[in-house]
Amino acid sequence: MIIVLLGPPGSGKGTQAELISKEFNFFHFSTGNILRNEVKNETKIGKEIKSIINAGKLISDEIIIKIVDMQITEQLKNYKGFLFDGFPRNLDQAKGLDELLNTRNQKLTSVIELCVDQDEVIKRIQKRKLEENREDDTEDILKSRLNVYLNETKPLLDFYRERRKLNKINGIKSIDNVNNKIKDVILTLKST
Ligand code: AMP
């Protein structure tokens with residue numbers, strides 16, 4: 001089973017992806033976490049991308065697709081399912097994902113959108129900044145990340161809606177409530 005979680009920064013994708021991956025033994029496929037590790041370990045890629053992450057912009061599709069390609073190969077050996085969190089971020093990446101899956105005789109099962117309005121997202125990121133101290137959680141960088149979401153990632157909703165892959169969930173409720181709704185969607189998908 002291959003699921004994509006979509007939603008703006010601060011919509012709870014990371015929190016929910018972690019919970020759901022544990023519950024269903026999926027690989028939590030967070031491109032953001034992979035990239036932050038590259039930066040932390042000061043790898044060649046890490047040095048190239050640090051300033052882009054800290055400007056709230058997207059890393060090039062070429063780098064992202066290469067990372068996803070490598071990880072899919074590695075993790076298909078270990079997991080029956082993938083939960084993508086933060087990928088794809090634009091139409092080219094969505095098409096890239098389809099190709100990567102096709103070449104392995106796999107296909108995307110479903111996309112789950114966490115719907116959270118902008119005011120709530122801003123409140124949550126301000127709180128996360130205090131808790132996790134993520135460098136890209138400042139007010140200015142968040143503005144840029146929200147713009148990137150609106151201009152580049154949001155069009156994916158239509159792309160997946162047209163392909164009948166999209167499930168929407170109200171992301172404003174409690175972590176448990178949202179978690180249960182995602183579980184319901186996945187259990188329904190499993191039974192069909
Ligand atoms: P996230 O943890 O998903 O919010 O990602 C943090 C940052 O990593 C983003 O603001 C981007 O700079 C970068 N990033 C994560 N995933 C992608 C992706 N799929 N494509 C391009 N950049 C990404």
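Here we summarise the structure given alongside this text. Please read these numbers as outputs of a predicted model, since none were measured by experiment.

### So, the sheet that holds strand β1 (residues 2–6)
In sheet architecture, strand pairing relies on hydrogen bonds along the backbone and comes in two forms, parallel and antiparallel.
Phase 1: Across the sheet, which stays open at both edges, the five strands sit in the order β2-β3-β1-β4-β5 with parallel pairing between neighbours. Since the sheet does not close on itself, it has two edges, and those belong to β2 (26–30) and β5 (166–170), each with one partner. Here the strands of the sheet are splayed against their neighbours by 20° on average, with no regard to which way each runs.
Phase 2: Examined bridge by bridge, β2 and strand β3 (residues 81–85) share five bridges and lie parallel to one another. Bridged to Phe26 within β3 is Gly81.
Phase 3: The strands that helix α2 (residues 31–40) touches are β2 and β3; relative to β2, the one it contacts most, it runs at about 60°.
Phase 4: Sitting on the sheet, helix α8 (residues 155–162) is in contact with β1, β4 (110–115) and β5, with an inclination near 125° to β5.

How each quantity is defined
- Residues numbered from 1 in each chain as written.
- Predicted model: local features only at pLDDT ≥ 70, side-chain atom pairs only at ≥ 80, totals over all residues.
- Heavy atoms only, no water.
- Pairing = 2+ DSSP bridges.
- Helix = DSSP H or I, 4+ residues; strand = E, 2+ residues; numbered from the N terminus.
- Axes fitted to C-alpha atoms, helices over the stretch in contact; angles between N-to-C directions.
- Contact = heavy atoms within 4.5 Å.

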